[in-house]
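Structural description and commentary
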Amino acid sequence: MDKQQDEYFEMRLEYMKDRMCLYRPFLRPAAAEAMNAAVFGKNFAGSTDPSALSLLVMFCAITQPIRMLELGTFHGFSTMTIAEILATNKRPGTLVTVEPMQEYQECAKELVFQAGLTSTVQFVRGFSTDEAVLSVVEEWAPYDIIYIDSSHQFAQTLEE
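Attention here is on the structure that accompanies the text.

What counts and how
- Residues numbered from 1 in each chain as written.
- Predicted model: local features only at pLDDT ≥ 70, side-chain atom pairs only at ≥ 80, totals over all residues.
- Heavy atoms only, no water.
- Helix = DSSP H or I, 4+ residues; strand = E, 2+ residues; numbered from the N terminus.
- Buried < 20%, exposed > 50% of the residue type's maximum accessible area, 1.4 Å probe, protein only.
- Axes fitted to C-alpha atoms, helices over the stretch in contact; angles between N-to-C directions.
- Parallel < 35°, antiparallel > 145°, perpendicular 65-115°, else oblique.
- Left-handed = near helix turned anticlockwise from the far one by under 90°.
- Contact = heavy atoms within 4.5 Å.
- Pairing = 2+ DSSP bridges.
- Core = buried A, V, L, I, M, F, W, Y, C linked by side-chain atoms within 4.5 Å.
- Salt bridge = Lys/Arg side-chain N within 4 Å of Asp/Glu carboxyl O.

**So, unusual backbone geometry**
Working note: non-glycine residues mostly have negative phi, and peptide bonds are mostly trans. P142 follows A141 through a cis peptide bond whose omega is 5 degrees. With respect to the element layout, P142 can be found in the loop between helix 6 (131-140) and strand 4 (145-148). The residue Q64 is not glycine, and still its phi comes out positive at about 55 degrees. Relative to the elements of secondary structure, Q64 occurs in the loop between helix 3 (50-63) and strand 1 (67-71). Residue Q64 is classed as buried on the basis of its relative accessible area of 15%.

**Thoughts on the packing of helix 2 (residues 29-39) against helix 4 (residues 77-88)**
Two numbers describe a pair of packed helices, the interaxial angle and the distance between the axes. The geometry of helix 2 relative to helix 4 is characterised by a closest axis approach of 11 Å and an angle of 165 degrees between their N-to-C directions. Judged by the angle between their axes, helix 2 and helix 4 are roughly antiparallel. The two elements helix 2 and helix 4 cross, and the hand of that crossing is left-handed. In this structure, helix 2 contributes A31, M35, A38 and V39 to the contact, and helix 4 contributes F77, M80, T81 and E84.

**Re the sheet that holds strand 2 (residues 94-99)**
Strand order in the open sheet formed by four strands is 3-2-1-4, and the pairing between neighbours is parallel. The open sheet is flanked by strand 3 (121-125) and strand 4, the only strands paired with a single partner. For this sheet the average axis-to-axis angle between neighbouring strands, irrespective of direction, equals 15 degrees. Lying on the sheet, helix 3 is in contact with strand 1 and strand 4; it crosses strand 4 at an angle near 170 degrees. The strands touched by helix 5 (residues 102-114) within the sheet are strand 2 and strand 3, with strand 3 carrying the most contacts at an inclination of about 170 degrees.

**Let's talk about the nonpolar core**
Counting 30 residues, the largest nonpolar core has Y23, M68, F77 and I82 as the members making the most contacts within it. Of all the secondary structure elements, the ones that give two or more residues to this core are helix 2, helix 3, helix 4, helix 5 and strand 4. Formed by eight residues, the second largest nonpolar core is a distinct cluster that contains L69, L71, V133 and V137.

**Observations concerning the packing of helix 3 against helix 4**
Where helix 3 meets helix 4, the closest approach of the two axes is 9 Å, and the angle between their N-to-C directions is 25 degrees. When the axis of helix 3 is compared with that of helix 4, the two are roughly parallel. The element helix 3 and its partner helix 4 pack so that their crossing is right-handed. Of the residues in helix 4, those touching helix 3 at L53, L56, V57, C60 and A61 are F77, S78, T81, I82, I85 and L86.

**Some thoughts on the side chain of H75**
Structurally, H75 can be placed in the loop between strand 1 and helix 4. On the basis of relative accessibility, which here comes to 17%, the residue H75 falls in the buried class. If we ignore the near neighbours within four places in the chain, the residues touching H75 are N43, Y104, C107, A108 and L111.

**Let's talk about the pairing of strand 4**
Alternating residues of strand 4 divide into I145 and Y147, all buried, and I146 and I148, none buried. Both strand 1 and strand 4 contribute to a ladder of four bridges, which runs parallel. Residue pairing across strands places M68 opposite I145, the latter belonging to strand 4.

**Considering the pattern of salt bridges**
Overall, the coordinates contain one salt bridge when judged by the stated rule. Across the salt bridge formed by E84 and R28, the nearest N and O atoms sit 2.9 Å from each other. A residue pair is termed long-range when its members are at least 10 positions apart, and E84 in helix 4 and R28 in the loop between helix 1 (3-14) and helix 2 qualify at 56 residues. Take R28: its relative accessible area is 37%, and that puts it in the partly exposed class.

This is how it looks when you write it as structure tokens:
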């Protein structure tokens with residue numbers, strides 16, 4: 001492997017370490033297998049930083065949200081991880097996730113399916129600022145937690 005491939009492989013390994021990914025011990029076998037396959041799959045281009053995702057997931061385990069909104073699904077790694085915690089909470093919750101790119105949403109749906117979490121996640125396709133998307137998202141409101149992980153540009157995030 002060349003240096004870039006080595007660095008990419010090391011980055012993938014970070015998502016496998018229990019010390020970095022505090023949520024890993026809470027995953028049921030199907031979710032853990034789906035996660036491992038995603039981390040080493042061809043579409044994995046990174047995700048929310050493992051420690052930040054750990055914080056978010058532990059927050060979900062502590063607060064027990066009934067409804068959560070995620071803006072920006074991408075390939076569904078965070079979606080699947082959050083959904084797993086919501087599904088196994090004492091008060092099971094639902095995750096509504098918004099993604100404008102159909103190909104990304106299809107990857108996310110497959111990952112959620114592999115983890116056995118299709119009943120926990122509601123997928124909405126489009127931009128979160130589109131009227132049609134807002135209408136669908138508002139049907140599920142109110143939300144206990146809103147996780148904004150779509151655009152990483154200040155102006156677009158502020159608009160959301």
